[in-house]
Amino acid sequence: YIILNRDVIHIKIICIKLVWKIGCVESLFFYDVFCYNLFMNKIDVKCVALEGAIIPEYKTVGAAGADVYAYLKESVTLKAGKSCVIPTGVFYEIPEGYEIQVRPRSGLAAKNGVTVLNTPGTIDSDYRGELQIILINLGDKDFEIKNGDRIAQIIVAPVTQGNFVQVEHLSVTERGEKGFGSTGV
């Protein structure tokens, strides 16, 4: 089912008018579930989960990142200042032309100083191994990771490959070769 751009705009206007006219919680729910999902870009990503592993899930209608869960036989203590690799028990088949980016969960970082070390991590479309998350504890206290804990989030994103062309000279710009704080702190 393909909706032309002008039809999408028309449906959006109808949804907004309905919410405005009815002015109730049910109409807002209709807009959130029907209208928002209608316009969200979606693509199928095949995945295989080991027994007991949790498939990533979006926690809100407008979430860009899907939460990823630890898959552990026993809890792991991530010492302050140290890093470790946490398995998820999930394997992906990412469509060609896309990647999955692994990013930190803001709550873990803000409350505990735990973040993804190589952020954003990239999972290429031709990788078929288990997704494992490299976490680092930048906090001053040890942090316990248990099976089923939300440890990161993933974003499905389109990829553009560069065609790197060797040349003799690059074009001149005002900034030139100035880097690392050259425009101010």
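In the block above lies the structure referred to throughout.
Positions within a chain are numbered from 1, following the residues in the order the chain's sequence is written. Only residues with pLDDT of at least 70 are given local features in this predicted model, and only at 80 or more are side-chain atom pairs given and counted; all residues enter the totals for whole chains, interfaces and linings. With hydrogens and water excluded, all non-hydrogen atoms of the structure serve as input to the side-chain values.

**Observations regarding the overall build of the protein**
- When helices and strands are tallied, the protein shows three helices and ten strands.
- Under the scheme used here, helices are H or I runs from DSSP no shorter than 4 residues and strands are E runs no shorter than 2 residues, and both carry numbers assigned from the N terminus. Reading the protein from its N end, one meets helices and strands in the order α-α-β-β-β-β-β-α-β-β-β-β-β.
- For accessible areas, the Shrake-Rupley method is used with a probe of radius 1.4 Å. Any residue's cover is judged against the shown protein chains and nothing else. When the accessible surface of the protein is totalled, it reaches about 13,500 Å², and 55% of it is carbon and sulfur.

**A few points about the nonpolar core**
- Core analysis: the largest hydrophobic core is formed by 25 residues, its most contacted members being Ile86, Val102, Leu131, Ile133, Leu135, Ile145 and Ile154.
- When residues of this core are traced back to their parent elements, those giving at least two are β2 (66–69), β4 (83–93), β5 (98–103), β6 (114–116), β8 (130–137), β9 (143–145) and β10 (150–158).
- Contacts are assigned to residue pairs with any non-hydrogen atoms lying within 4.5 Å of each other. Those residues in contact with Ile154 that lie beyond four places of it in its chain are Pro56, Ala64, Gly65, Ala66, Val68, Tyr92, Ile100, Gln101, Val102 and Leu131. Nonpolar cores were defined as sets of buried Ala, Val, Leu, Ile, Met, Phe, Trp, Tyr and Cys residues, with membership established by side-chain atoms within 4.5 Å. Relative accessibility under 20% of the residue-type maximum defines a buried residue, over 50% an exposed one, and the middle range a partly exposed one, all with a 1.4 Å probe and only protein chains included.

**Digging into the side chain of Thr115**
- Looking at where Thr115 falls in the secondary structure, it is placed in strand β6.
- If sequence neighbours within four positions are ignored, Thr115 has contacts with Pro104, Ile134, Leu135, Ile136 and Leu138.

**Brief notes about the sheet that holds β6**
- In short, DSSP must find at least two bridges between two strands for them to pair. The strand order across the open sheet formed by four strands is β1-β4-β8-β6, and the pairing between neighbours is antiparallel. Of all the strands in the sheet, just β1 (46–49) and β6 have a single pairing partner and so form its edges. On average, each strand axis in the sheet is tilted by 40 degrees relative to the strand beside it, whichever way the strands run.
- Bridging between β6 and β8 involves three bridges; their strand directions are antiparallel. What sits directly across from Thr115, in β8, is Ile136. Convention adopted: a line fitted to C-alpha atoms gives each axis, helices being fitted over their contacting stretch, and angles between N-to-C directions are expressed from 0 to 180 degrees.

**Describing unusual backbone geometry**
- The step from Thr119 to Pro120 runs through a cis peptide bond, and the omega angle for that step is -10 degrees.
- With respect to the element layout, Pro120 can be found in the loop between β6 and β7 (121–123).
- Unusually for a residue other than glycine, Phe180 sits at a positive phi of about 45 degrees.
- Mapping Phe180 onto the fold places it in the segment after β10.

**Considering the sheet that holds β2**
- Reading across the sheet, the four strands line up as β2-β10-β5-β7 and stay open at both edges, with antiparallel pairing between neighbours. Two strands close off the open sheet at either side, each with one partner strand: β2 and β7. Each strand of the sheet is rotated relative to its neighbour by a mean of 35 degrees, with strand direction disregarded.
- Both β5 and β7 contribute to a ladder of three bridges, which runs antiparallel. Each residue of the ladder has a partner; that of Gln101, found in β7, is Thr122.

**Structural notes on the pairing of β4**
- Here β1 runs beside β4; their pairing, made up of four bridges, is antiparallel. Its bridge partner being in β4, Lys46 is matched across the sheet by Glu93.
- Here β4 pairs with β8 via six bridges, running antiparallel. Counted as the bridge partner of Phe91 is Glu130 from β8.

**Let's talk about the pattern of salt bridges**
- Take a side-chain nitrogen of Lys or Arg and a carboxyl oxygen of Asp or Glu: if they are within 4 Å of each other, that pair is a salt bridge. Summed over the entire model, instances satisfying the criterion amount to five salt bridges.
- We note a salt bridge from Glu93 to Lys46, for which the minimum N-O separation is 4.0 Å. With Glu93 in strand β4 and Lys46 in strand β1, this residue pair connects regions lying 47 residues apart in the sequence.
- Taking relative accessible area as the criterion, Lys46 reaches 57% and is therefore assigned exposed.
- Between Lys59 and Glu57 there is a salt bridge, with the nearest N and O atoms lying 3.1 Å from each other.
- In this structure Glu57 comes out as partly exposed when scored by relative accessible area, which is 33%.

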